[in-house]
Amino acid sequence: MTPPPSRRRRGTDGSAAPARNLPRRGAVRRAQAITTYGVGSLIAVDQESFIVAGIDGAAEQWPHDEAPVIREPRLARVLDVRHFRLPPASGDDSRDGIRVRRFPLWHHCPECHALDHVGKFNPPPGRNECGECAEPLVPSRFVVACEDGHISDFPYRAWLHRRRRGEGPAADCDGRMSLRSSGRTSSLRSVVLSCSCGVPEVSMEGSFRAGALKELNIGCRGERPWLKDAPKDPCSLTPRTLQRGSSSVWQPVLRSALSIPPWSDTRVNALDKHWDKLRGCTSLVEMEIHLKHIFDGTPSPVSAQEALDLVAAMEAEDPSGEDVPDRDQEQRYRALRDLEYQRLCAGNPEESGHHTEQFVCEPPIGDEKPLNRLGLVAPMLVKKLREVRALKAFTRVIDPETSSVGHEARLSLVRTDWLPAMEVHGEGVFLRFDEEKVDAWAELPAVAARVARMRHHHQQVLTERASDPARVPVSPADPRMTLLHTFAHVMINEWSLDSGYPAASLRERIYAGDEMAGVLIYTATSDSAGSLGGLVAQGEIDRLARAVRSAVHRAEWCSADPLCIETEISGTGGTNLAACHACVMLPETSCEHNNGLLDRALLVGTPEDPSIGFLSHLLTH
């Protein structure tokens, strides 16, 4: 990323050191530009704060032409783009990188305590310091944001002059404002605002209440500072006060897909620009003619029959070839998961593929009888996989997993044919439950009652945060999904002790549906930690059986018991039951559902009713 020019630094003797001519740089990994510091997020460089610019492609935005292209046709069709791009990298001798803009714009001087817009401090050119004190300015600790993704500076002047609002608007005051800390406590009560107009001092206490700004008739200004020259959006929502470094300021909306046959073979990338012509081919002869014309005498990387098979797969997945409305996007994304589940069940042996194949999946050698008592069927060892994770949008204030499409903030002012993404290469183990046993267990009244409570609370959260009451998504909570999700968490915790991977380097992928009951646990990092080779070995029959038993025994007890196992509600919005950070919760990067819809009682039972635990028969009560 490339912020504005550096401010002047002071020498050890107190004299001002000369400013550097080159722009300052902050180093973030490419993966962080998708998951942590993506478009619209706030990032600190030295003592300054910036917001990451959009992807429109202007000089002040992402230099997308220099970013490597990532191909994943299935996910691209779902998200209605042509391809994806890695975030640009920046070297020591390069000026390339992700662009940022200064935000927030209100700063204060720690020396004279002045509080104002950064431009009114009369700083020297290219420096972020007070023109009077020559001290580096400190960006505002507080911002305001709404659920539609708009973000603005905190309205300090309106907050300070709220007691005079009956006498006239706060904007009429042009006095000099100050911000200081009394130092008595570390609470907001010690952060005090004052003004030269003589209005009584006011602290920041109470500014974080949900209705604090609404009581002052302060509405959202509809500002989108991450988009250059973006007009203000009409917005009727009331903004919330947030800490500049809070995780609620920016949360990514990610969509991911596994590369599975036939698109997992890198040879097909050579045909990317020619699908419009090839989709019209109906015979081998016609396909051969087109391939000869495309490659102009050089050997084609794929045969005519392979190209016909690819065309057939494309027609089956996208028969119209037309853009899909947003309201159908989630349905198509779920269909993409169905295809992944089918391929994970079917496998793709190493000997049957080409050396360019990026998906290798085959069953382990051995008798699967030790798994029958565990309610599992034969696992699949995913010895090679590739996952593409794309940044579709982002949210503020609310959790992206419980927000509808209407609350997602855009990455660009105009529509683009690409999205920023990252790719992960690694390994994994695919575990599948016996569906008949799961269905019989799910019919138990006590099981249905526990899950119904979770589903009720989760549906309430979805309804409260929906932008359109007519388009409230249905909660996915059911006995099968909750069982799979909790099981995945306890297995990740178990394997983090045995496989050599930390829990944050493993990730779950839940396949729950009428005809799906599986979970893929795989490496989740884009660096060398994704290919250590220790995870696939955990899927061997005997080792897997021992690991499942050990994981269930660990889940039987929590250091927060009996409170944890007996709780009637837990988690954000009450979407969990017996689940806490001492037992089954994982790092946020490992969980698909932000540590929601978890209940270890569905695995091990409760002291009063052990039978509700699907695997409670492995324990001695």
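The rules we used
- Residues numbered from 1 in each chain as written.
- Predicted model: local features only at pLDDT ≥ 70, side-chain atom pairs only at ≥ 80, totals over all residues.
- Heavy atoms only, no water.
- Helix = DSSP H or I, 4+ residues; strand = E, 2+ residues; numbered from the N terminus.
- Contact = heavy atoms within 4.5 Å.
- Areas by Shrake-Rupley, 256 points an atom, 1.4 Å probe, with all protein chains shown as cover.
- pLDDT = per-residue confidence, 0-100.
- Buried < 20%, exposed > 50% of the residue type's maximum accessible area, 1.4 Å probe, protein only.
- Phe/Tyr/Trp six-rings, centres within 6.5 Å; stacked < 30°, edge-to-face > 60°.
- Lys NZ or Arg CZ within 6 Å of the ring centre and 35° of its normal.
- Axes fitted to C-alpha atoms, helices over the stretch in contact; angles between N-to-C directions.
- Parallel < 35°, antiparallel > 145°, perpendicular 65-115°, else oblique.
- Pairing = 2+ DSSP bridges.
- Disulfide = S-S within 2.5 Å.
- Expected span 1.5 Å × (residues − 1).
- Salt bridge = Lys/Arg side-chain N within 4 Å of Asp/Glu carboxyl O.
- Patch = residues over 30% accessible without salt bridge, like charges linked within 9 Å, V, L, I, M, F, W, Y side chains within 5 Å.
- Lys, Arg positive; Asp, Glu negative; His and termini not counted.
- Charge placed at Lys NZ, Arg CZ, Asp CG, Glu CD.

> Summarise the overall build of the chain; cite the residues concerned and give the values.
Along the backbone of the chain there are 14 helices and 20 strands. The long-range fraction of contacts in the chain, counting pairs at least 24 apart against all pairs at least 6 apart in sequence, stands at 67%. Per element, the accessible surface of the chain, about 28,300 Å² overall, is 49% carbon and sulfur.

> I'd like a rundown of the confidence of the model for the chain, residues and numbers included.
Per-chain confidence: the chain averages 84 in pLDDT, with 86% of residues scoring 70 or above. Long-range and interchain partners of residues 4–23, a stretch whose pLDDT sits below 50, account for 43 contacts in this model, where long-range means more than four residues apart. Low pLDDT (under 50) marks residues 323–327, which in the prediction has four contacts with non-local residues, meaning those over four places away or in another chain.

> With reference to specific residues and values, describe unusual backbone geometry.
Residue Phe-103 is joined to Pro-104 through a cis peptide bond whose omega torsion reads -5 degrees. By the secondary structure assignment, Pro-104 is in the loop between β5 (100–102) and β6 (106–108). Looking along the chain, the bond that leaves Asp-561 and enters Pro-562 is cis, with omega of 5 degrees. Positive phi is not limited to glycine here, since Asn-217 has a value of about 60 degrees. A relative accessible area of 69% means that Asn-217 is categorised as exposed.

> Quick rundown of the packing of aromatic side chains? Include the residues and the values.
Under the counting rule described, the total for this entry stands at 13 aromatic pairs. Here the aromatic cluster, defined as three or more aromatic residues joined through ring pairs, consists of Trp-106, Phe-142, Phe-154, Tyr-156, Trp-159 and Phe-208. Over the face of the ring belonging to Tyr-333 we find Arg-255, whose NZ or CZ atom lies 5.3 Å from the ring centre.

> Any details on the packing of helix α5 (residues 284–295) against helix α6 (residues 304–317)? Residues and values, ideally.
Relative to each other, α5 and α6 sit at 105 degrees, their axes nearing to 9 Å. Judged on the interaxial angle alone, α6 and α5 are roughly perpendicular. Contacts between α5 and α6 involve Leu-284, Met-287, Glu-288 and Leu-291 from the first element and Ala-304, Gln-305, Ala-307, Leu-308 and Val-311 from the second.

> Give a description of the sheet that holds strand β2 (residues 48–52) that names residues and reports values.
Across the sheet, three strands lie side by side as β1-β2-β5; this open sheet has antiparallel pairing. The sheet is open, and its two edges are formed by β1 (42–45) and β5, each paired on a single side. Between one strand and the next, the sheet's axes are offset by a mean angle of 40 degrees, whatever the strand orientation. Bridging between β1 and β2 involves four bridges; their strand directions are antiparallel. Looking at the pairing, Ala-44 lines up with Ser-49 of β2.

> How would you explain the state of the cysteines if you had to name every residue and give the values?
Counting across every chain of the model gives zero disulfides. In this model Cys-564 remains outside any disulfide bridge; the closest cysteine sulfur is found in Cys-580, 3.8 Å from its own. Judged by its relative accessible area of 6%, Cys-564 is buried.

> Can you break down the environment of Arg-85 residue by residue, with the values?
Counting through the fold element by element, Arg-85 comes out in strand β4 (residues 83–85). Take Arg-85: its relative accessible area is 12%, and that puts it in the buried class. Sequence separation between Arg-85 and Val-69 is 16 residues, and the spatial gap between their C-alpha atoms is 4.5 Å.

> Give a detailed account of the sheet that holds strand β9 (residues 142–145), specifying residues and quantitative values.
In spatial order, the strands read β10-β9-β14; together these three strands make up an open sheet with antiparallel pairing. Whereas interior strands pair on both sides, the edge strands pair on one side only; in this sheet they are β10 (151–153) and β14 (240–243). With direction set aside, neighbouring strand axes in the sheet form an average angle of 40 degrees.

> I'd like to hear about α6, residue by residue, with values.
The first and last C-alpha atoms of α6 sit 20 Å apart over 14 residues, in line with the 20 Å expected at 1.5 Å per residue. Buried residues of α6: Ala-304, Ala-307, Leu-308, Leu-310, Val-311, Ala-313 and Met-314, and no others. Buried residues belonging to α6 abut α2 (73–79), α4 (275–278) and α5.

> Help me get a handle on the pattern of salt bridges, residues and values and all.
Evaluated as defined, the whole model comprises 24 salt bridges. A cluster of three or more residues bridged by salt bridges with shared partners is formed by Glu-340, Glu-387, Arg-389 and Arg-509.

> So what's going on with a negative patch on the surface? Residues and values would help.
On the surface, a cluster of negative charge is made up of Asp-338, Asp-478, Asp-514 and Glu-515. Tracing the chain through its elements places Glu-515 in the loop between β19 (506–513) and β20 (516–523).

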